[in-house]
Amino acid sequence: MAVPTPLPPSLRRSLVAFSGSLFINNKTWDSGTAHTNQPAHEVLSSLPLQVMLYFNVYYFPVWCLAEGIMLHLKYHLLPWHYQLLLVTAFLILSLAEGSRLYLGYLGNLQEKVSTACPGHEAPCAQ
């Protein structure tokens, strides 16, 4: 196990100054006056939610295409009531997922949490 070696004070000060200019809300104990800075307003958008929405925008068309192909391949083998149920479920799920992605982007990027998460007053993911 390696023993951590302390940084020289001059290197520590330059790293703190660099990270303070790079990350504005630096809250480390050695950041000096950064503790007194208050943001103009609290940011309500959620980075984990935005990352999940970003990847889901790319996965949804792949899922939709795969599900559509599978539905097309087995459609003629099913009884009529299963055909109706499968097409209805596919359309409802596709419309719901598309609207969820749209409202998620709209609500999260514009910091309208109530749009991204209906019925919630707090941010969705923290």
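Right, let's walk through the structure included here. (Residues numbered from 1 in each chain as written. Predicted model: local features only at pLDDT ≥ 70, side-chain atom pairs only at ≥ 80, totals over all residues. Heavy atoms only, no water.)

**Some remarks on the packing of aromatic side chains**
Under the defined criterion, the tally for this structure stands at four aromatic pairs. Relative to F55, the ring of Y54 has its centre 5.5 Å away and its plane inclined at 75°; by these criteria the two rings are edge-to-face. On the accessibility criterion, F55 (41% relative accessible area) is partly exposed. With a centroid separation of 5.2 Å and an interplanar angle of 75°, the aromatic rings of Y54 and Y58 are classed as edge-to-face. Linking Y54 with Y58, this pair stays in helix 2 (residues 47–74), spanning four residues, or about one helical turn. An aromatic cluster of at least three residues, connected via ring pairs, comprises Y54, F55 and Y58. (Phe/Tyr/Trp six-rings, centres within 6.5 Å; stacked < 30°, edge-to-face > 60°. Buried < 20%, exposed > 50% of the residue type's maximum accessible area, 1.4 Å probe, protein only. Helix = DSSP H or I, 4+ residues; strand = E, 2+ residues; numbered from the N terminus.)

**Quick look at the packing of helix 2 against helix 3 (residues 80–109)**
One way to put it is that helix 2 packs onto helix 3 with a least axis distance of 10 Å and a crossing angle of 165°. Taken as axis vectors, helix 2 and helix 3 run roughly antiparallel relative to one another. In terms of crossing hand, the pair formed by helix 2 and helix 3 is left-handed. Classifying every residue of the contact of helix 2 with helix 3 by side-chain character gives 15 nonpolar, seven polar and four charged. (Axes fitted to C-alpha atoms, helices over the stretch in contact; angles between N-to-C directions. Parallel < 35°, antiparallel > 145°, perpendicular 65-115°, else oblique. Left-handed = near helix turned anticlockwise from the far one by under 90°. Nonpolar A, V, L, I, M, F, W, Y, C, P; charged D, E, K, R; others polar.)

So yeah, pure geometry; function would need other evidence.
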